[in-house]
Structures are given as structure tokens and as C-alpha cells.
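This is what each chain is made of:
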Amino acid sequence: MSDTNHLLIPYAASAATGCQQALQGLALPHLDRLLARLSPHPTHSDSGEETSFSAPHERALARALGLPAQDGRIPWAAWHRHQQGQSPNGDAWAFVTPCQWQVSTDHVTLRNPEHLALDEAASRALLAIVSPWFAEDGITLHYDQPTRWLASSPLFADLATASLERVLQRDVRAWMPDAKAARTLHRLHSEMQMLLYTHAFNDERSERGLPVINSFWVHGTGPIPTPAPSALPTPTVPTTLRDAALNEDWRAWAAAWTALDAGPVADLLRKSEGGVPVQLTLCGERNTLAFHTAPRTLAQRFQSLFRPQRFTDMCDKL
């Protein structure tokens, strides 16, 4: 069930130079009018760091759904199974994404798995190759999507892992889970690289001009509470800013903001003007700023009249 009165916007701003340049010429009139009408929602705002394992929008979404929101321990995989009607029964689950690590002299970069051209048949074939190795360490793998499998193991009960978005196109070494707690995963990474380096699966991909797959990324770990959280309305979460930001395409990011302002943001503004209570959650790469319909203080009303807060003025807080 989607909550059309709550708009949660990931990657609303970034400290990246390209984003800061794009912000200078960005006009978002509907967003500025909406912010002038709403009150800050401190209990739903959130502070973090760019090095936090879970991105701000993931923490905000977890709280909205009633899930644990500890950094690196949001149980997205277990929640996914629950949403599919399969009870996790208190077990710890994780997502496992097959991927390519590009190794250079000073970086180990994780390429975007969406660029691997991995279809279901190839993903299932790869899953059959690596599953026995994982099983030896008590990790059971299940197919879910071409670029994402499910895994169950007690290992994932308390293991903090970085979300895939945090590590895309970055050096994986800064985002690896704790070496002591994840000794098994660290060893499996080495074993998978050796196994797949000369495997026929990758030889065939190379012959077809496709990128080889030599590693995996574990994320979304943990069990969901028992009993599972009651079904809560899911905020509307547009992904256009996210997609552009992850590709560092700031021209597309600015265009996506313009479209959001004319579409979902304008719709939320109309609801607010019509007396409907609404919520707006803006997420950057560090922090979350939340706003909602609520009585405003005299100081807030004064500010909205004489010094209205503009979105571009608050971007450095995200």
C-alpha cells in the first residue's frame, strides 16, 4: 500500500562538485512553496555520515515501514521475503549481488551490476556454480533476480554491511564489513575470485564481449522483528535523482529535479493547499530533513513571510 501523501526523495542533494554546480541554476518553485507551508519534523530527521553503511533514504524508509534502522543492519532481504508472503521465521537473511571488481594498483572498484548484461539464465548458471562453496560455510543461496540473490545464514544476524548504492563505482576496501565478524565472507571473496578467474562461465562471457563476473556483494542483512511489523503505507519514493546521481550525471539529475517539481512535488503542494496533511522527506548522502503539516510557531510564520526558506539554502544540511 503506497502513501501518496508522503514523498520521500533520495539523493535530493550531494556534496559532489557537479551537483553543487547544478544547484546554482536550479529553480524549484513548487518545492519552495511547499517548504514554506510545512513545519520541520525533527523526530523524523536523521544525521549520519557519507561513510555510514546505510544511505539516509534507506534509514528513513526503514523507519517509515517500522523496520530496525541501525546503520548497516536494515533487514531488507528478510523484509523482501516477508513481502513475498514467505515468513522469514526470525531467520537472518541477506542479499547477495554477483558483480565485477576491477582491480588496479591502488583501487578495487565495484562496477554497477546493471551494466553486466546478466540475464536470468546466466544468473542461475552462476548460482549453481558458486552455491556449493557458500553451502560449505552454512550459507544457503536462492535465486531472486538476475543481479540479486537471497542468502540465509546465522552469519547475517548481527553483521553490518554497506548497501550496494554506497559502494557502486567506489573502492570496495573502504566498505567491507568488519574483518573479524565477517572472516567467512572475506575468505569467500578470495575463493570466488580464484574460482571464477579461469572458469568456463567467464571464458564464454569474454568471447561474447561481456564483462566477467569475479565477486559478489552482501547487503541488506539481518532478521526482521518477531512478530513482523504491521503493514504500513509505503512512502512514494522516486528513483530518478538516485539513478542520475549514481551515474554522476548531474545534468540529468537537474532535469530529474525539474520533472519532480512539476509532478509529484506539485501534486503534494496542491494537497497541502487543499487541507490534506502531507509529509516530505529530503535525503542527501549524509542526512535527512523531514517536514510535515503541523501548526507553525510565530517565528516560523514570520520567516515564511519575510525570509522564506528555499531548498537551495538547505542543501548543505543534507
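Values in this document were obtained by computation on a predicted structure and should not be read as measured data. (Residues numbered from 1 in each chain as written. Predicted model: local features only at pLDDT ≥ 70, side-chain atom pairs only at ≥ 80, totals over all residues. Heavy atoms only, no water.)

S.K.: Looking at this structure, how should I read the pairing of strand 8 (residues 215-222)?
M.R.: Residues in a regular strand point their side chains to alternate faces of the sheet. Among the eight residues of strand 8, eight are classified as buried, and the element is accordingly described as predominantly covered. One ladder, built from six bridges, connects strand 3 (residues 93-99) with strand 8; its direction is antiparallel. Pairing of Pro98 across the sheet is with Phe216, part of strand 8. (Buried < 20%, exposed > 50% of the residue type's maximum accessible area, 1.4 Å probe, protein only. Helix = DSSP H or I, 4+ residues; strand = E, 2+ residues; numbered from the N terminus. Pairing = 2+ DSSP bridges.)

S.K.: What is the right way to look at helix 1 (residues 17-24) in this model?
M.R.: Within an α-helix, residues lying three or four positions from one another point in the same direction, as the helix has 3.6 residues per turn. Within helix 1 the residues assigned to the buried category are Gly18, Cys19, Ala22 and Leu23. Around the axis of helix 1, the buried residues are gathered within 140° of arc, so they sit on the same side. Turned more than 90 degrees off the buried face of helix 1, the exposed positions are Thr17, Gln21 and Gln24. Check the buried side of helix 1 and you find it contacts helix 10 (250-273) and helix 12 (311-314). (Arc of directions from axis to C-beta. Contact = heavy atoms within 4.5 Å.)

S.K.: Honestly, the side chain of Asn202 in this entry has me stumped. Any pointers?
M.R.: Within the secondary structure, Asn202 sits in helix 8 (residues 200-207). Asn202 sits in the buried class, given a relative accessible area of 4%. Engagement of the side chain of Asn202 in a polar contact is seen with the backbone oxygen of Leu196, the distance being 2.9 Å. Ignoring any residue separated from it by four or fewer positions in sequence, one finds Asn202 in contact with Leu196, Val212 and Ile213. (Polar contact = N/O pair within 3.5 Å; in protein donor to acceptor, adjacent residues only side chain to side chain.)

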